[in-house]
Amino acid sequence: MSVVKDVPRIMAREWRKLMYTLPKAIGLFLLLLIPALGQTIGPFLWFIFTAWMLAIQYCDYPFDNHKIPFNDMRMSMKQKQGKAYSFGMLVSVFTTIPILNLFIVPVSVCGATAMWVQEFKPQYQ
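Position numbers for residues start from 1 in each chain and track the written sequence from start to end. Side-chain atom pairs in this predicted model are given and counted only at pLDDT of 80 or more, local residue features only at pLDDT of at least 70, and totals for whole chains, interfaces and linings cover all residues. Side-chain calculation: all heavy atoms of the structure are included, whereas hydrogens and water are not.

Draft legend 1. Seen up close, the overall build of the protein chain. Runs of H or I in DSSP of at least four residues are treated as helices and runs of E of at least two as strands, each being numbered from the N terminus. In terms of regular secondary structure, the protein chain is built from five helices and zero strands. Each helix (α) and strand (β) of the protein chain, taken in turn from the N terminus, gives the series α-α-α-α-α. With the C-alpha coordinates aligned to their principal axes, the bounding extent of the protein chain is approximately 55 × 30 × 30 Å. The 125 residues of the protein chain split such that 31% are buried. Here the analysis covers contacts within the protein chain between residues at least 6 apart in sequence; of these, 71% occur between residues at least 24 apart. Remark: exposure states derive from per-residue accessible area (1.4 Å probe, protein chains only) relative to the maximum for the residue type, with buried under 20%, exposed over 50%, and partly exposed in between. Two residues form a contact once any of their heavy atoms are found within 4.5 Å.

Okay, here's the thing in structure tokens:
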């Protein structure tokens, strides 16, 4: 029954993530439409954006399990941007490798949970 009670909160959190991601993705897409500039720096910016969003997505599991608000999670991750970006970049690179990409999702959830325990949990206790 507690899972059913959590559904509205979970849906609101997913909506918040979508509203956080969508404007940035649209802006990057529009950048790609600019001749020369979009084709030179666009792919690099898109890769960095993807790394950040993958870090947000996978780190959201342990943060949400502890009922930490989305904005607090974002601020915590911004304080440790190097770890968040490197985690997201590794996940992004490994998802491009055939066969390995089948296993990267559960491994990424485990990695984000380990990062939560080592890096973020102490500040919320």
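Draft legend 2. Up close: the nonpolar core. Here, the term nonpolar core denotes a set of buried Ala, Val, Leu, Ile, Met, Phe, Trp, Tyr and Cys residues that are joined through side-chain atoms within 4.5 Å. Counting 24 residues, the largest nonpolar core has Trp52, Ile56, Phe63, Met77 and Phe87 as its most contacted members. Elements represented by at least two residues in this core include exactly α1 (2-32), α2 (37-65), α3 (70-79), α4 (81-94) and α5 (104-120). Per-element tally for this core: the top contributor is α2, with nine residues. Those residues within four positions of Phe87 in sequence are excluded, and the remaining contacts are Leu54, Ala55, Tyr58, Ser108, Gly111, Ala112 and Met115.

Draft legend 3. Summary view of the pattern of salt bridges. Any carboxyl oxygen of Asp or Glu within 4 Å of a side-chain nitrogen of Lys or Arg constitutes a salt bridge here. Counting across every chain of the model gives nine salt bridges. Notably, a salt bridge pairs Arg9 with Asp6, separated by 3.6 Å at the nearest N-O pair. Pair noted here: Arg9 and Asp6 are both in helix α1, with a separation of three residues, about one helical turn. Using a relative accessible area of 28% as the deciding quantity, one classes Arg9 as partly exposed.

Draft legend 4. Structural detail: α5. Among all positions of α5, only Ile104, Ser108, Ala112, Met115, Trp116, Glu119 and Phe120 are buried. Buried positions in α5, seen along its axis, are confined to an arc of 120° and lie on one side of it. In α5, the exposed positions angled more than 90 degrees off the buried face are occupied by Val107, Cys110 and Gln118. On the buried face of α5, the contacting elements are α2, α3 and α4. Along the arc lie the directions from the helix axis toward the C-beta atoms.

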